[in-house]
Amino acid sequence: LEALPTDIPIPKESKYNFSNFSPDADWTTDIGEVGAVNWELEVRFGNQADGLKLVERGPEIEAIVDVFETWIEKYPGDIILEKWVDDTLEAARGL
């Protein structure tokens with residue numbers, strides 16, 4: 001993610017804000033921790049009807065690595081979290 005193309009902007013205020021990631025407490029209560037992490041990722045990445053698209057570069061998108069490490073370590077083998085990793089890598093490689 002550090003090598004994303006330079007024509008992708010580094011915004012002053014990130015829509016991703018992955019350095020400040022935590023699942024919503026109400027969603028965690030309602031649908032469980034992994035479900036809440038999934039929901040929070042959907043909110044931050046936006047509509048994925050045509051696949052995940054990376055719309056910015058810089059420290060906030062790079063911080064998704066720490067998010068994935070944290071949650072996959074806590075829930076190893078979770079297919080939803082693994083799919084997010086795969087989709088993010090595919091989006092980065094497609095740029």
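Refer to the structure presented above.
Below is a summary of the structure that appears in this document.

Parameters at a glance
- Residues numbered from 1 in each chain as written.
- Predicted model: local features only at pLDDT ≥ 70, side-chain atom pairs only at ≥ 80, totals over all residues.
- Heavy atoms only, no water.
- Helix = DSSP H or I, 4+ residues; strand = E, 2+ residues; numbered from the N terminus.
- Phe/Tyr/Trp six-rings, centres within 6.5 Å; stacked < 30°, edge-to-face > 60°.
- Buried < 20%, exposed > 50% of the residue type's maximum accessible area, 1.4 Å probe, protein only.
- Salt bridge = Lys/Arg side-chain N within 4 Å of Asp/Glu carboxyl O.

Overview of unusual backbone geometry
Inference 1: Positive phi, normally seen in glycine, also occurs at Asn17, with a value near 50°.
Inference 2: Mapping Asn17 onto the fold places it in the segment before helix H1 (25-31).

Examining the packing of aromatic side chains
Geometrically, a pair of aromatic rings is defined through the distance of the ring centres and the angle of the planes.
Inference 1: What the rule picks out here adds up to 7 aromatic pairs.
Inference 2: Seen in terms of ring centroids, Tyr16 and Phe18 are 5.5 Å apart; in terms of plane orientation they differ by 15°. Their pairing is stacked.
Inference 3: The buried category is assigned to Tyr16, whose relative accessible area is 0%.
Inference 4: Since its relative accessible area comes to 2%, Phe18 is described here as buried.
Inference 5: Considering the side-chain rings of Phe18 and Phe21, the 6.2 Å spacing of their centres and the 40° angle between planes classify their relative orientation as tilted.
Inference 6: Of the aromatic side chains, those joined through ring pairs into one cluster are Tyr16, Phe18, Phe21, Phe45 and Trp84.

Structural notes on the pattern of salt bridges
Inference 1: In this structure the tally under the stated criterion is 3 salt bridges.
Inference 2: Ionic pairing is found between Glu40 and Arg44, a salt bridge with its closest N-O pair at 2.9 Å. Separated by 4 residues within a single helix, Glu40 and Arg44 lie in helix H2 (residues 33-45), roughly one turn from each other.
Inference 3: Among the residues examined, Glu40 registers a relative accessible area of 10% and is labelled buried.
Inference 4: Arg44 gets classed as buried once you look at its relative accessible area, which sits at 11%.
Inference 5: One salt bridge connects Lys83 with Asp87, and the closest N-O pair in it is separated by 2.9 Å. Of this pair, Lys83 and Asp87 both sit in helix H5 (residues 79-93), 4 residues apart, which is roughly one turn of the helix.
Inference 6: Judged by relative accessible area, Lys83 falls into the partly exposed class, the value being 49%.
Inference 7: Residue classification places Asp87 among the buried positions, given a relative accessible area of 18%.

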